[in-house]
Amino acid sequence: MGNYLFDLVRARIPAPDAPFALLDDGRRLSYADMVAVSARFANALVALGVKPGDRVAVQVEKSIEALMLYLGTVRAGAVFLPLNTAYTPAEIEYFLGDAEPAVFVCDPARAEALRPYAEKAGAKLETLGIWRSPEVSAGTLADKGLAASPEFADVARGADDLAAILYTSGTTGRSKGAMLSHDNLASNALALVDYWRFTSKDVLLHALPIFHTHGLFVATNTILFSGASMILLPKFDPDQVFRYLPQATCMMGVPTFYVRLLQDERLTKAATAHIRLFVSGSAPLLAETHRAWRERTGHAILERYGMTETNMSTSNPYDGDRIAGTVGFPLPGVSARVVDPETGAALARDEIGMIEVKGPNVFKGYWRNPEKTAAEFRPDGFFITGDLGKIDPAGYVHIVGRGKDLIITGGYNVYPKEVEAEIDEMEGVIESAVIGVPHPDFGEGVTAVVVAKPGASITAKGIATALEQRLAKFKQPKQVFVVPELPRNTMGKVQKNLLREQYKDIYAPALKAGE
């Protein structure tokens, strides 16, 4: 038995000297470089004592080294666990305690602050470094890799063995680790390569973060499984996008990318004439953005639907109508249905209910949480997504709402309960309600409505300042309102729908002000 995921990658290398990645610092990597550098990282991990099935947790800025560490982890038979770079030390403490990784890799600037949490979890702390610069990478994992062999005998892993764990927020406020197997990742990448017509001639403009399913698996794995190449940008920056766009054939982004590019006069039909595919995901793309993009560029953005637990499940067609406001059809090998949320009974076309999916893309369950895993699956194997939607008579899937109280801001998921728990612990707070309301740039803006105890010196600014040390920036409320009471129904439940209506226009002036 070989290494299931990397064997498939290796089999699709077009040629050793074929281009794999162009970096913004001028470095260029071939596929031979990809194999050699990922082997060095695999050797370095094994030398640190990493064994098959061990977790390798990583919180680092986006870089080619981070991608090579991902592949090296897979080749070493371990489980890659990427963590959002915005997570605070308090949040990292939970992830390390829950996952118990053998190794935790972070950026040098954060090493001392995070060291106590790594030690508490029993993980060896490493920093990443730059693999081609020994003089600035002394003592880092890259430095260890440079001293290691570029040859590595890949550890045997089967289709059902774990390749990654990605943490996804939950309504209880505690994140859960979604366990993704070699075949979960491989099957989805192969489906996307075929469905989106990727070939070795493609060049992807990669501006997405790589601690997230979209950038790490959808973008990177699609390139690896098609033998294509990528232009790897550290982050989304319009100037860099327009600089490198002439060299690309496709781009993947979140709706915020497209909204910001539409605000730039450099976006024209001529500037995008050579691009064959623009993909959007991670958050709903407004129909208005879809139409505006088509008018400015002549391209219809391809919107798809997925989540951490399922990778990609549906996609608008490559050929055929890409209909604004829909997420297309189930991918080959994936089944999707809409059911009554209470009974689980299948609903007819155009009826709104809970979306459920089943296929090789669906994860194996939540890490060390069999009860939650059992609760999220139907007896026939369908996963309950928590999203409300419908399938129209033509077969297009529509997402119309969320059964879970989820906020999607800038492509990132935020569960109100987690933010509310932090606010409710503050001295002088009676209760809070966190909602998402329309935001012109982020899709939804996290907004907190707080009730203070009589006489308490609670201020919106004070709450916001306190949360800066407790929550990742994308989870922090963009505005906080202190009110006498929260609206409730006859059963005493907070009516967040009324709050969303009351505050729906609070971010409308932000666009005019240039936010």
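The structure reproduced in this document is the subject of the present report. Keep in mind it's a predicted model, so treat the numbers as computed, not measured.

### Regarding the layout of surface pockets
Part 1 of the argument: Its volume calculated, the second largest pocket comes out at about 980 Å³.
Part 2 of the argument: Around the second largest pocket, the lining comprises 36 residues; the ones closest to its centre are Phe 211, Gly 410, Tyr 412, Phe 442 and Phe 474.
Part 3 of the argument: Elements that contribute at least two residues to the lining of the second largest pocket include exactly helix H8 (213-226) and helix H10 (255-262).
Part 4 of the argument: Broken down by element, the residue count for the lining of the second largest pocket peaks at three residues, all from H10.
Part 5 of the argument: Among the residues forming the lining of the second largest pocket, the class breakdown is 17 nonpolar, eleven polar and eight charged.

### Here's the deal with empty space enclosed by the protein
Part 1 of the argument: Taken as a whole and assessed by the stated rule, the structure comprises three cavities of 30 Å³ or more.
Part 2 of the argument: Roughly 260 Å³ of internal volume is contained in the largest cavity.
Part 3 of the argument: Together, 17 residues line the largest cavity, and Tyr 87, Tyr 167, Thr 168, His 212 and Thr 308 are the ones closest to its centre.
Part 4 of the argument: Sorting elements by how many residues they give to the lining of the largest cavity places strand S7 (residues 162-168) first, with three residues.
Part 5 of the argument: For the lining of the largest cavity, the class distribution of residues is eight nonpolar, eight polar and one charged.
Part 6 of the argument: Approximately 70 Å³ is the volume attributed to the second largest cavity.
Part 7 of the argument: Lining the second largest cavity, in full, are Val 58, Gln 59, Val 60, Ala 66, Phe 80, Pro 82, Leu 83, Ile 210, Phe 211 and Leu 216.
Part 8 of the argument: For the lining of the second largest cavity, the secondary structure elements donating two or more residues are strand S3 (55-59) and strand S4 (79-82).
Part 9 of the argument: Across the lining of the second largest cavity, the residue classes tally to nine nonpolar, one polar and no charged.

### Considerations on unusual backbone geometry
Part 1 of the argument: Notably, Asn 311 is not glycine yet its phi reads approximately 55°, a positive angle.
Part 2 of the argument: Relative to the helices and strands, Asn 311 is located in strand S14 (residues 311-315).
Part 3 of the argument: With a phi close to 75°, Asp 350 is a non-glycine residue in the positive phi region.
Part 4 of the argument: Accessibility expressed as a relative area gives 38% for Asp 350, which makes it partly exposed.

### A few points about the side chain of Glu 126
Part 1 of the argument: Here Glu 126 lies in strand S6 (residues 124-127).
Part 2 of the argument: Only 3.1 Å separates the side chain of Glu 126 from the side chain of Lys 144, close enough to count as a polar contact.
Part 3 of the argument: Setting aside its immediate chain neighbours within four residues, Glu 126 contacts Leu 48, Val 103, Phe 104, Val 105, Cys 106, Gly 139, Thr 140, Leu 141 and Lys 144.

### Details of the packing of helix H3 (residues 64-75) against H8
Part 1 of the argument: Interaxial distance between H3 and H8 falls to 13 Å at its minimum, and their mutual angle equals 75°. Taken together, the axes of H3 and H8 lie roughly perpendicular to each other. Residues Leu 67, Tyr 70 and Leu 71 of H3 form the contact with H8, whose participating residues are Leu 216, Phe 217, Thr 220, Asn 221 and Leu 224.
Part 2 of the argument: Within the contact of H3 with H8, the residues separate by chemical class into six nonpolar, two polar and no charged.

### Considering the environment of Asn 316
Part 1 of the argument: Residue position: Asn 316 is located in the loop between S14 and strand S15 (329-330).
Part 2 of the argument: For Asn 316, a relative accessible area of 1% corresponds to the buried category.
Part 3 of the argument: Asn 316 sits 14 residues away from Pro 330 along the chain, and the two C-alpha atoms are 8.8 Å apart.
Part 4 of the argument: Setting aside residues up to four positions removed in sequence, Asn 316 forms contacts with Tyr 195, Leu 302, Glu 303, Asp 321, Arg 322, Ile 323, Thr 326, Val 327, Gly 328, Phe 329 and Tyr 396.
Part 5 of the argument: A distance of 3.1 Å separates a polar side-chain atom of Asn 316 from the backbone nitrogen of Ile 323.

The rules behind the values
- Residues numbered from 1 in each chain as written.
- Predicted model: local features only at pLDDT ≥ 70, side-chain atom pairs only at ≥ 80, totals over all residues.
- Heavy atoms only, no water.
- 1 Å grid on protein atoms, 1.4 Å probe; cavity = no way out; pocket = protein on both sides within 12 Å on 5 of 7 lines; lining within 4 Å.
- Points joined across faces, edges and corners; volume = space filled by probe spheres on them.
- Helix = DSSP H or I, 4+ residues; strand = E, 2+ residues; numbered from the N terminus.
- Nonpolar A, V, L, I, M, F, W, Y, C, P; charged D, E, K, R; others polar.
- Buried < 20%, exposed > 50% of the residue type's maximum accessible area, 1.4 Å probe, protein only.
- Polar contact = N/O pair within 3.5 Å; in protein donor to acceptor, adjacent residues only side chain to side chain.
- Contact = heavy atoms within 4.5 Å.
- Axes fitted to C-alpha atoms, helices over the stretch in contact; angles between N-to-C directions.
- Parallel < 35°, antiparallel > 145°, perpendicular 65-115°, else oblique.

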